[in-house]
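Close look at the chain arrangement
Each chain, written out:
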Amino acid sequence: MGGFLGEDQIRRIKEAVDLVDVMADYTTLQRAGSQFKALCPFHQERTPSCVIYPDDQQYHCFSCGEHGDVISLISQKENLSFVDTMELLARRAGIELVYEQRARGNEQLRRSQRQALLELMDRAVSFYERYLWERDEGAEARAYLAQRGLGEEVCRAFRLGFAPSGDRLVAVAKRQGYQAHQLLEADLAVERYGRLADRFRERLLFPICDRFGQPLAFSGRLLPAAERAAKEAGRGVGKYVNSTDTPLYHKGSVVFNLHRARTSCRQAGAVIVMEGPTDVMAAAQAGCHHCVAVLGTAMTPRHAQHLRSIAGGGRIILLFDGDRAGRDNSLKAVSTMLAEGIASHAAMLPEGADPAELLAAGTSEALTRFESIIAGARPDMQHLLTSLAPRPLELDARQGLAVADRLLAIIQPISDLDLRQGLVQEIADYLGHDPLRLANRLKQRPPRRTRRGDDNNTEATPQLPIDLQIDTVLRLLALHPQLRAPAFDDWGCEPSLFPHPWHEVATWMLVNPNADIKTLAISELAMSHPGMRQTIQGWLVDHAVAARLAEQHSDDNPAKALRTAIDALLERESIRQARHDRQLLRQHAGDDPEAAALFKQALEKRKARNANLDDE
């Protein structure tokens with residue numbers, strides 16, 4: 001084929017990866033006979049409307065219409081291209097992909113560049129690991145970890161490392177054949193005074209991985225001695241420095257420890273969101289493996305979606321420090337979760353308490369205290385209400401409305417009307433307001449605008465516009481490959497009958513007369529047009545659903561239906577062409593009688609040809 005990956009490799013990966021297992025990473029599944037049902041991972045809902053068909057390895061949401069297979073699921077949920085999706089699934093299945101030489105040059109180059117960056121990041125993690133555990137330069141970092149109560153076993157499990165002074169990573173990477181632009185793109189190096197220098201120096205490094213354990217970035221912690229020296233010298237140096245956004249890493253969408261915590265979260269029925277990597281590690285060392293962290297940025301809608309998927313229907317508990325900054329962060333995080341329609345609980349540590357120190361103590365008393373703090377987590381709206389208005393009866397009318405407006409702004413984006421109505425009632429009860437007045441106040445608020453590139457913009461990819469006749473012809477051709485030969489050879493169907501880009505689909509089916517619709521849905525053509533892919537998958541799922549409901553084939557006589565649709569399309573094209581000819585005739589009749597006569601002859605020939613087609 002002319003695509004980037006061979007069909008045999010795509011088929012092999014799809015056979016090796018079970019859609020049910022992958023879907024369970026994003027939502028909780030409930031068995032329903034031979035199928036599964038679940039809350040749709042693509043939109044907010046309270047009643048399961050997404051059905052997973054294990055036999056067909058397909059899913060369909062009867063509420064929002066999302067449908068597809070394991071490839072489309074990963075592609076949309078992880079916001080990956082087709083090739084990146086196949087790479088991810090191949091890693092999951094333990095399959096090594098081999099790319100065909102006939103792939104497009106720019107795609108081959110882009111793919112190889114990304115793979116090189118991934119390999120570079122993994123080598124950087126190994127480089128820093130050696131300096132932490134095998135070199136004298138790592139002694140201070142090892143002592144710091146021991147002081148924090150973090151043992152070598154948990155530190156090695158999280159692949160901690162140490163960045164030495166100087167530019168040693170740059171030197172090693174260059175010797176291994178990496179270029180300066182690759183080190184800069186991965187944010188492993190920066191340009192200082194016209195030369196390339198290590199991005200991280202004299203810091204304890206925590207690798208940040210994707211949901212499948214691939215290192216993408218680092219969070220670097222300055223050691224206490226260096227921190228004190230910087231303060232004494234009057235230099236403003238951040239305690240933590242995180243990688244900036246790169247082609248591999250986007251801080252607004254990556255959750256620390258997500259790949260390790262996934263299974264434990266489902267077993268525990270909860271996920272605990274902490275503030276730093278040492279907190280998560282101390283929890284893991286204490287046997288609490290269902291903890292993650294958001295690093296280097298405030299909670300984003302993308303984070304919220306990841307947390308909902310990993311919680312699997314369990315509780316999401318946001319744990320914050322008890323100081324002013326912790327309280328402010330808790331309000332922002334809970335508000336983000338709530339605006340996404342995702343329930344969460346907020347737990348606050350006593351002021352001055354540190355979860356890492358508390359858990360690293362390793363005593364039963366410390367663990368009991370930690371568990372008590374988690375058990376005391378308050379539901380999201382209760383946390384917002386008691387934080388913004390701890391004494392609601394002491395508020396005057398203006399203050400009460402100000403608090404109410406702030407809360408209404410938080411819940412305004414929620415699409416579930418029942419949930420939104422319930423929250424309005426909760427706000428009204430707490431503040432002593434009339435719920436109808438608050439509901440009217442909410443309706444009168446101007447709609448929130450979503451900026452281009454905003455994380456809140458989670459709308460599904462729309463289908464490409466397609467009219468009914470064209471949709472009918474292409475759908476039947478896609479579903480019934482045996483009809484392509486008579487359609488193209490005998491019934492007058494031609495790719496030129498279809499507008500852009502649908503003529504490309506017709507051409508694909510003409511060139512691939514025996515390929516089924518599933519092959520079309522995962523072809524490079526479909527993957528290059530997300531809206532087209534949505535439409536093609538819609539044909540497949542709608543056909544399967546109709547067949548199940550009727551317990552028979554969804555098209556009684558597909559050949560007759562296709563012939564009728566093609567005839568209608570040809571007639572429409574004939575009328576369109578005749579109108580075009582008449583327009584040209586009018587334009588030329590006044591200036592050039594000879595040209596007008598030629599146009600009349602062409603029109604008569606076309607009419608005769610169409611009449612012959614009608615007689616066949």
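A brief look at the structure comes next. Keep in mind that what you see is a predicted model, and the values were worked out from it rather than measured.

1. Looking at unusual backbone geometry
What is expected of a backbone is that most residues other than glycine have negative phi and most peptide bonds are trans. Here the phi dihedral of Tyr193 falls at roughly 55°; this positive angle occurs in a residue that is not glycine. Looking at the secondary structure, you find Tyr193 in the loop between β7 (189-192) and β8 (195-198). Of note, the phi angle at Asn257 is positive, near 75°, even though the residue is not glycine. Turning to its location among the elements, Asn257 is positioned in the loop between β11 (240-242) and α11 (258-268). Given a relative accessible area of 4%, Asn257 falls into the buried group.

2. A word on the side chain of His303
Within the element layout of this structure, His303 appears in helix α13 (residues 301-311). Within the structure, His303 has its side chain in polar contact with the backbone oxygen of Val254 (distance 3.3 Å).

3. Details of the sheet that holds strand β2 (residues 35-38)
Spatially, β1-β2-β3-β4-β5 is the arrangement adopted by the five strands of the open sheet, whose pairing is antiparallel. Across the chains shown, the open sheet's two edge strands, defined by having one partner strand only, are β1 (29-32) and β5 (67-68).

4. Focus: the sheet that holds strand β14 (residues 315-320)
Strand order in the open sheet formed by five strands is β13-β12-β14-β15-β16, with mixed pairing between adjacent strands. Where the open sheet ends on each side, the last strands, each with one partner, are β13 (291-293) and β16 (378-379). One ladder, built from three bridges, connects strand β12 (residues 270-274) with β13; its direction is parallel. For Val273, the partnering residue across the bridge sits in β13 and is Val292. Here helix α12 (residues 277-285) sits on the sheet and contacts β12 and β13; the angle it forms with β13, its principal contact strand, is near 170°.

5. Structural notes on the packing of aromatic side chains
This structure, assessed with the given rule, holds eight aromatic pairs. A ring pair is formed by Tyr128 and Phe218, whose centres lie 5.4 Å apart and whose planes are at 85°; its orientation type is edge-to-face. Note that Tyr128 is positioned in helix α5 (residues 105-134) and Phe218 in strand β10 (residues 215-222), a separation of 90 residues in sequence. In this structure, Tyr128 and Phe218 share a single accessibility class: buried. Measuring from centroid to centroid gives 6.5 Å for Phe206 and Tyr240, while their planes differ by 40°, and the two rings are tilted. Pair noted here: Phe206 is in strand β9 (residues 203-209) and Tyr240 is in strand β11, with a separation of 34 residues, a long-range link.

6. Details of the pairing of β1
Pairing geometry for β1 and β2, over four bridges, is antiparallel. Residue pairing for β2: Leu29 is matched across the bridge by Ala38. Between the antiparallel neighbours β1 and β2 lie two residues, among them Gly33 with a positive phi of about 70°.

7. Focus: helix α6 (residues 139-147)
Among the residues of α6, those classed as buried are Ala141, Tyr144 and Leu145. Take α6 and look down its axis: the buried residues cluster within an arc of 100°, on one side only. When the buried face of α6 is taken as reference, the exposed residues oriented beyond 90 degrees from it are Ala146 and Gln147. Of the residues flanking the end of α6, it is Gly149, one or two places downstream, whose phi is positive at about 80°.

8. Regarding the environment of Ser364
Considering the arrangement of structural elements, one finds Ser364 in helix α16 (residues 364-375). Taking relative accessible area as the criterion, Ser364 reaches 61% and is therefore assigned exposed. Distance in space between the C-alpha atoms of Ser364 and Ala286 is 9.8 Å, their sequence separation being 78 residues.

9. Description of the pairing of β12
A regular strand carries its side chains on alternate faces of the sheet. Counted residue by residue, β12 has five buried out of five residues, so it is predominantly covered. On β12, burial covers both faces: Ala270, Ile272 and Met274 on one face and Val271 and Val273 on the other are all buried. As judged from the four bridges shared by β12 and β14, these two strands associate in the parallel manner. Residue Ala270 lies in a different strand from β14, and its bridge partner there is Arg315. Read as a crossover between parallel neighbours, the route from β12 over α12 to β13 is right-handed.

10. Looking at the pattern of salt bridges
If you walk through the whole model with that rule in mind, you get 17 salt bridges. Linking Asp210 and Arg91 is a salt bridge whose minimum nitrogen-to-oxygen distance equals 3.6 Å. Linking Asp210 in the loop between β9 and β10 with Arg91 in helix α4 (residues 82-93), this pair joins segments that are 119 residues apart in sequence. Between Asp328 and Arg324 there is a salt bridge whose closest N-O contact spans 3.5 Å. Placement of the pair is Asp328 and Arg324 together in helix α14 (residues 324-339), with a separation of four residues, close to one helical turn. With relative accessibility at 32%, the residue Asp328 sits in the partly exposed group.

Reading the values: the criteria
Residues numbered from 1 in each chain as written. Predicted model: local features only at pLDDT ≥ 70, side-chain atom pairs only at ≥ 80, totals over all residues. Heavy atoms only, no water. Helix = DSSP H or I, 4+ residues; strand = E, 2+ residues; numbered from the N terminus. Buried < 20%, exposed > 50% of the residue type's maximum accessible area, 1.4 Å probe, protein only. Polar contact = N/O pair within 3.5 Å; in protein donor to acceptor, adjacent residues only side chain to side chain. Pairing = 2+ DSSP bridges. Contact = heavy atoms within 4.5 Å. Axes fitted to C-alpha atoms, helices over the stretch in contact; angles between N-to-C directions. Phe/Tyr/Trp six-rings, centres within 6.5 Å; stacked < 30°, edge-to-face > 60°. Arc of directions from axis to C-beta. Right-handed = clockwise from strand over helix to strand, strands pointing away. Salt bridge = Lys/Arg side-chain N within 4 Å of Asp/Glu carboxyl O.

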